[in-house]
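Topology and contacts: notes
Residue-level listing of the chains:
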Amino acid sequence: MSVSTHLASQLKNLRVVLRQPLSPKQIRKRQILNLNCLPPSCNTEFGASVPIRNAATSCACAAASLPSSPRRQFHEGTTFNKSHNKAGIIHPVDEFKVGDVAKEKKEDSDHESSSTNLHQHNVDDILFALFKNEENLVPVGKFLAALRATGLRKTDPRLRELMNNLKTVREQKFGEIGSAEALTLDKETFKSVILENIVLISRAFRGQFVVPDFTNFCKYIEEFYWKCKSNHAGKVANYIPQLDRFSPDYWGVSLCTVDGQRYSIGDIEVPFTVQSCSKPLTYAIALNEVGAEVVHKYVGQEPSGRMFNELILDYNKKPHNPMINAGAIIICSLLQRLVEPQMKVSDKFDFVTNYFKRLTGYEFLGFNNSTFLSERDAADRNYALGFYMREHKCFPEKCNLRETMDFYFQLCALEANCESMSVIAATLANGGICPTTGEKVFQTHAVRDVLSLMHSCGMYDYSGQFAFKVT
């Protein structure tokens, strides 16, 4: 029996075991809401049974029956997703630490404290019983492999405390030699090692991530990968000499869910320049810094229906949208002149690339100078767009066209790989919050506007067909 099958068979009743009793305050709220309990198999992760009627009712029920500890903080913009699991419950974004317990009325405090101890005690004991061997010790390698099967890597920043604790135990036992995965832990050591990450670990093993059966999900991705690997149609980009030198055989797929579940296959660590993938990100930075009202005084929101580098403006003499070259150049000028205008050009580059680093969860991000120089040398059309827009007074005041064009080329020449780009995509899907670090990079309104224009304009003159045939 595989590890994942073994886990599934032993954990299917874990939610019921970990169910916490309701406090008097929660019971009163349920009476007010006139809720009827479901069978134990339908109990929610919050420890209360709620009937699922519709999204609004379910959200209210789940919120009313939240235990006080371990309490997960709700970020602005948390939404209900009925497809998350069979119970139809909401999943907060913040799964990084057990939060401080907010003080409620005195009549609930004793109950809340006992509920917390019961929850922690049950999770520790069940996890130890699940992974222990005949010698009543937990093999760390087996435990980490099971975590990986849920989508959590040992390099996940949210598991930093766990890995540091394992490193400390290893050093105490073996010194600097050996691997933490070779360790076996007794019950007390195991419980102390996982304590700081118990909320995330318990969610992983209870199948409460957005993709509960992650192992089977990855099988579909792998099938997709091998099916597409045999497709050698098309050609690499050749509008910049440096890009034309890339091997057409590179093929890799990385995914990162909004819960930080990771899977990769293929040439996923080969760096490549982001090119036009920088456009929605610079647009998001501008929205985040100065707001949509200011940004869209300079750039439109409509599909152009033309080529991405077409020498054309809309009827208001503005670029049609931020996803085409003309619009992206304008966005770069706004970042230069309207966001911290006192910054030097070098400092502004660092300012924007810091946004990119936060989007990737501080994973790989580089800069390809040869591609930047190559792009600048082959930029006749982009310079033509710049001069055309300057003629029609599209740029903000005191804009230096040469500096703006260089800034645009530099951001296109930023390097990433499949792994780091998957985290960027997950951050946008997660409402601007990086799923691997918990850092809120963008405000929700900025992400909403970016995703809207990515859908309507992000595939250039193919956007309509893409929306019709694919989405």
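Counting starts from 1 at the beginning of each chain's written sequence and moves along it residue by residue. Given that this is a predicted model, residues contribute local features only at a pLDDT of at least 70 and side-chain atom pairs are listed and counted only at 80 or more, while totals for whole chains, interfaces and linings are drawn from all residues. Computation of side-chain values: all heavy atoms of the structure, hydrogens and water removed.

Looking up the chain in an unreviewed UniProt entry gives the name glutaminase, with the organism given as Strigamia maritima. UniProt positions are given in the numbering used here, feature names are shortened, and annotations may be inferred rather than shown by experiment. Word for word, the UniProt comment on the chain under Catalytic activity (unreviewed entry) is "L-glutamine + H2O = L-glutamate + NH4(+)". Among the UniProt annotations of the chain, the heading Subunit (unreviewed entry) holds the following wording: "Homotetramer."

Looking at the overall build of the chain
Looking only at helices and strands, one finds 20 helices and seven strands in the chain. Throughout this description, buried means an accessible area under 20% of the type-specific maximum (1.4 Å probe, protein chains only), exposed means over 50%, and partly exposed covers the range between. Within the chain, the fraction of its 471 residues that count as buried is 48%. Note on contacts: a residue pair qualifies if any of its non-hydrogen atoms lie within 4.5 Å across the two residues. Of the contacts made within the chain by residues no fewer than 6 positions apart, 70% connect residues no fewer than 24 positions apart. Accessible surface area values rest on a Shrake-Rupley calculation with a 1.4 Å probe, where residue burial reflects the displayed protein chains alone. Here the chain has roughly 23300 Å² of accessible surface; of this, 53% comes from carbon and sulfur atoms. Helical segments are the DSSP runs of H or I of at least four residues, strand segments are the runs of E of at least two, and each set is numbered from the N terminus.

What about the nonpolar core?
The nonpolar core is taken to be a set of buried Ala, Val, Leu, Ile, Met, Phe, Trp, Tyr and Cys residues, with the residues joined through side-chain atoms within 4.5 Å. If you look at the biggest cluster of nonpolar residues, it comprises 53 residues, and the most contacted ones within it are Tyr 283, Val 295, Ile 331, Leu 335, Val 352, Met 389 and Phe 442. Counting only elements with at least two residues in this core, the list comes to helix H11 (278-290), helix H13 (325-337), helix H14 (345-359), helix H16 (380-391), helix H17 (401-412), strand E7 (414-416), helix H18 (418-429) and helix H19 (444-457). Examining the composition of this core, we find that eight residues originate from one element, H13, more than from any other. Each residue touching Tyr 283, except ones within four places of it in the same chain, is listed here: Val 295, His 296, Pro 322, Met 323, Ile 331, Asp 449, Val 450 and Leu 453.

Here's the deal with H14
Residue pairs spaced three or four apart in an α-helix point in one direction, given the helix's 3.6 residues per turn. Here the expected length of a helix is defined as 1.5 Å per residue gap, with one fewer gap than residues. Given a rise of 1.5 Å per residue, 15 residues ought to cover 21 Å, and the 22 Å separating the end C-alpha atoms of H14 matches this to within 8%. Lining the buried residues of H14 we find H11, H13, strand E6 (366-367), H17, E7 and H18. Of the residues flanking the end of H14, it is Gly 361, one or two places downstream, whose phi is positive at about 70°.

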